[in-house]
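Report on the structure
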Amino acid sequence: MLKIQEIREIIRLIDQSSIEEFLYEHDGVKVHMKKPNGSVPVEAVAKAAVVEPAPVAVVKEAAPQMEAAPAVPETKPAEAPKQETVKAENLHKITSPMVGTFYAAPSPDAAPYVKTGDKVKPDTVVCIIEAMKLFNEIEAEVNGEIVEILVQNGQLVEYGQPLFLVKTE
């Protein structure tokens, strides 16, 4: 039987992912979640944008719902990849292999695995991704130098989301 905390964690992960429907059955327990179609893109874009002015723009434009909702998702994804490709032209991206919570250190009181400027090898652990109480070590997979850390400690990450930029050697 699932504990209430586990159910809350599942709800939080599903809510912040692009999954629209989720069904779990085990030993007579059935959990079924389904997102409404209309609000998913706006929420996903607003949560994915870490910059503070972005939510303000969403709130201001939310009054005329028919026009503002489609306009916000179209402009924000178009801007983010342009900035990212300019920065990452000659850089390797270390991406998240799963949906989960990003942790920069092995424990809250420990030093982070890597910092900007650190040299890494293919087997160097750069972070941990927690998914459903399982902690998965993520390795650099390349020789190089950490140029930028793209996510914050404790942040939820999506499958394929860039975590680090590495200048390869």
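See the structure printed just above.
As the structure is a prediction and not an experimental result, all values here were calculated from the model.

A look at the nonpolar core
Formed by 17 residues in total, the largest nonpolar core has its most connected members in Phe102, Val126, Cys127, Leu163 and Phe164. Elements with a contribution of two residues or more to this core: strand S6 (125-131) and strand S10 (162-168). The contact partners of Val126, leaving out residues within four places of it in the chain, are Ile94, Ala104, Tyr113, Val114, Val120, Ile138, Glu139, Ala140, Ile146 and Phe164.

Describing the sheet that holds strand S9 (residues 156-157)
Taken in spatial order, the 4 strands make up an open sheet running S7-S6-S4-S9, and their pairing is antiparallel. Strands at the two margins of the open sheet, each flanked by one partner only, are strand S7 (134-139) and S9. Pairing analysis gives 6 bridges linking S6 to S7, with the strands arranged antiparallel. Following the sheet pairing, Val125 is matched in S7 by Glu139.

Section: the sheet that holds strand S8 (residues 144-149)
An order of S3-S10-S8-S5 is seen for the 4 strands of this open sheet, with the pairing classed as antiparallel. The outermost strands of the open sheet, each flanked by one partner alone, are strand S3 (92-95) and strand S5 (119-120). Two strands pair when backbone bridges link them, and S3 and S10 are joined in this way by 4 bridges, in the antiparallel orientation. Counted as the bridge partner of Thr95 is Pro162 from S10.

Reading the values: the criteria
- Residues numbered from 1 in each chain as written.
- Predicted model: local features only at pLDDT ≥ 70, side-chain atom pairs only at ≥ 80, totals over all residues.
- Heavy atoms only, no water.
- Core = buried A, V, L, I, M, F, W, Y, C linked by side-chain atoms within 4.5 Å.
- Buried < 20%, exposed > 50% of the residue type's maximum accessible area, 1.4 Å probe, protein only.
- Helix = DSSP H or I, 4+ residues; strand = E, 2+ residues; numbered from the N terminus.
- Contact = heavy atoms within 4.5 Å.
- Pairing = 2+ DSSP bridges.

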